[in-house]
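# Descriptive structure summary
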Amino acid sequence: MNNVVKLLQQYINEGQLEKALIECKKLVQANSSEIYPLKLLAQIYFLKEDYQPAIDTTLGILEKKSDDFDSNNNLGSFYLKIEELNQALFYIDKAKQINPEHPAPYQNHGEILMKMRDFKGAVGHIDKCISQHETYSDDYITYKSTLMLRIEIYIALKEQSEAIKFIKKYLSIKFDAELLLQLVQIDTKEASDEMINTCKNKIQNKTFQSKMERYQEQVPLYFSLAVFYEKTDPSTSDEYYIKANNEVTEILRLTMIKFQRAVSKIIENYEKVKNFKTKNINKGENNIFILGMPRSGTTLTESVITANTEVFGGGELMSFYDLAYRLLLDEKYDESSFEMVGDQYIKRTKQLLNNQKKIADKLPNNYAFIGHIRKFLPGAKIVLVLRNPWDLAVSLYKQRYVTNISYSSSFFNLGVQMANFEASILYWKKIGMLDENVIIINYEELVKNFDEYQKKLYSFCEIKSDYEPEKRESFFAKTASINQVQNKIHTESLEKDNFSNFKNEFREAFYSQREFWKSRNFFDIPADFFGYKI
């Protein structure tokens, strides 16, 4: 078995998860009485973001050994991913009872409380996790993800000065570019000359065993320097952004065809659900979806909509996207499956509510499922946020997304994806899904005419409670907008002139991809991009 396990680890490290899955299934069959191969199988499903099989496999392990620590803790993590928070807490508590000294369940518990926006409650769990890690290891790199969560909590509680002290404490122990990036994103003045010089020296003097090692080491160094120089030396900053994104592009070697196919598949899937009518026409009446391209202003919009006592800010919830996409992949086209999507979504989101009546879900990519939202949750409100496409592209390019928004490292890919986004919205418009339950707002208008649009949003979402400006300014979002959204409303992010040498590449990719959608005859292609010039 050892040789197969080594092979599986190799496949996993190389990102060849399909191969790992095939080999692991063989291992499970050959060792049917063993638990360890099942744990590996569940982990591979989890890495593939195929959470339900991961859950089912782990539940099977617990039938054989109910007090297995790893499986109880992993189940808590898996249920957290699909936002079944009550189930997640149940298994996390079991893991704590089995091994109260292990740090992992405390991190999971802290993440659940952060999801519920109980940041003060999360402090104790994350701090305990860190202290237990420190008992086991002298190298904080092994538990850096926990440190990142603690930094997020400091920022959520508006304790930026404490966050800076915390980061500097660990940087004084050992230099780490990821932590430096966190520091300069809070305040570039807090980065010492020594830190910046260390960053530059590591770029110039390091040799690497592989492209993957180079990518892992160089990218955060480049992004740290790019952010550091952004205000004081924009041209140098841009150079570092370009170098960082070139490294990402080189390692990912992204094929944009998969995003095109995803749009086509969702459209084809909708044709099979379009005649469905839910039994309750008000289903989802307390749900608000905020959609658009990433970096289009969805976080700012969420901070406005939730600045009251009535609406809970759920952040980027994966539930609807996950439920709808699973329906698509499983090809279940019966009415009970359609009803289940809405029912499960409401069940999951209700677990987040405290005293609020409504919940805002601002996963930008839900724009791909506007029609499905209108069918499965006909009472829900949808806010679609649009932004100048070039400003949007530049903003995306300057974020270290790497895997979750993989197309952001290239202006060519950004142009292609902008056309795919346009195609999706034009399709929903053509078939009448952008109806009275959908409002379209422009980011530029929101920041220029804030008071007017705040009132417009509250009227559309039927929010009766008063808008509280201080609540908006203290809003925390676990996104790239983590520090920006707590600032006063400003117009500095409009009409960007960075990276102008790449503008033609962006435009050509956009228009080329448009030609593909034009050939499909799904909808008429307008001269502009929702009123914007490309």
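In short, a report on the structure. (Residues numbered from 1 in each chain as written. Predicted model: local features only at pLDDT ≥ 70, side-chain atom pairs only at ≥ 80, totals over all residues. Heavy atoms only, no water.)

In this section: the packing of helix 12 (residues 193-205) against helix 13 (residues 211-229). Contact geometry of helix 12 with helix 13 gives a least axis separation of 10 Å together with a crossing angle of 140°. Taken together, the axes of helix 12 and helix 13 lie oblique to each other. Considering how the two elements wind past one another, helix 12 and helix 13 form a crossing that is left-handed. Here Ile196, Cys199, Lys200, Lys202 and Ile203 of helix 12 come into contact with helix 13, specifically with Gln218, Leu221, Tyr222, Ser224, Leu225, Phe228 and Tyr229. Split by residue class, the contact of helix 12 with helix 13 holds eight nonpolar, two polar and two charged. (Axes fitted to C-alpha atoms, helices over the stretch in contact; angles between N-to-C directions. Helix = DSSP H or I, 4+ residues; strand = E, 2+ residues; numbered from the N terminus. Parallel < 35°, antiparallel > 145°, perpendicular 65-115°, else oblique. Left-handed = near helix turned anticlockwise from the far one by under 90°. Contact = heavy atoms within 4.5 Å. Nonpolar A, V, L, I, M, F, W, Y, C, P; charged D, E, K, R; others polar.)

Take helix 1 (residues 2-13) next. If you check helix 1, its first and last C-alpha atoms are 17 Å apart, about what twelve residues at 1.5 Å a residue would give, namely 16 Å. Residues Val5, Leu8, Tyr11 and Ile12 constitute the buried set of helix 1. With its buried residues spanning 120° around the axis, helix 1 presents them on a single face. Opposite the buried face of helix 1, by more than 90 degrees, sit the exposed residues Asn2, Asn3, Lys6 and Asn13. Buried positions along helix 1 lie against helix 2 (17-30) and helix 3 (36-47). Phi for Gly15, located one or two positions after helix 1, is positive at around 80°. (Expected span 1.5 Å × (residues − 1). Buried < 20%, exposed > 50% of the residue type's maximum accessible area, 1.4 Å probe, protein only. Arc of directions from axis to C-beta.)

Further remarks concern the packing of aromatic side chains. If you walk through the whole model with that rule in mind, you get 42 aromatic pairs. Taking the centre distance of 5.5 Å and the plane angle of 90° together, the rings of Phe259 and Tyr407 count as edge-to-face. Of this pair, Phe259 sits in helix 15 (residues 257-273) while Tyr407 sits in the loop between helix 20 (389-397) and helix 21 (411-430); the two residues are 148 residues apart in sequence, bridging distant segments of the chain. Side by side, Phe259 and Tyr407 carry an identical accessibility label, which is buried. Judged by centre distance (5.2 Å) and plane angle (90°), the rings of Tyr270 and Trp428 are edge-to-face. Pair noted here: Tyr270 is in helix 15 and Trp428 is in helix 21, with a separation of 158 residues, a long-range link. Take Tyr270 and Trp428: they sit in the same class, and that class is buried. Through a chain of ring-to-ring contacts, three or more aromatic side chains come together here, namely Phe223, Tyr241, Trp390, Tyr397, Phe411, Phe499, Phe502 and Phe506. (Phe/Tyr/Trp six-rings, centres within 6.5 Å; stacked < 30°, edge-to-face > 60°.)

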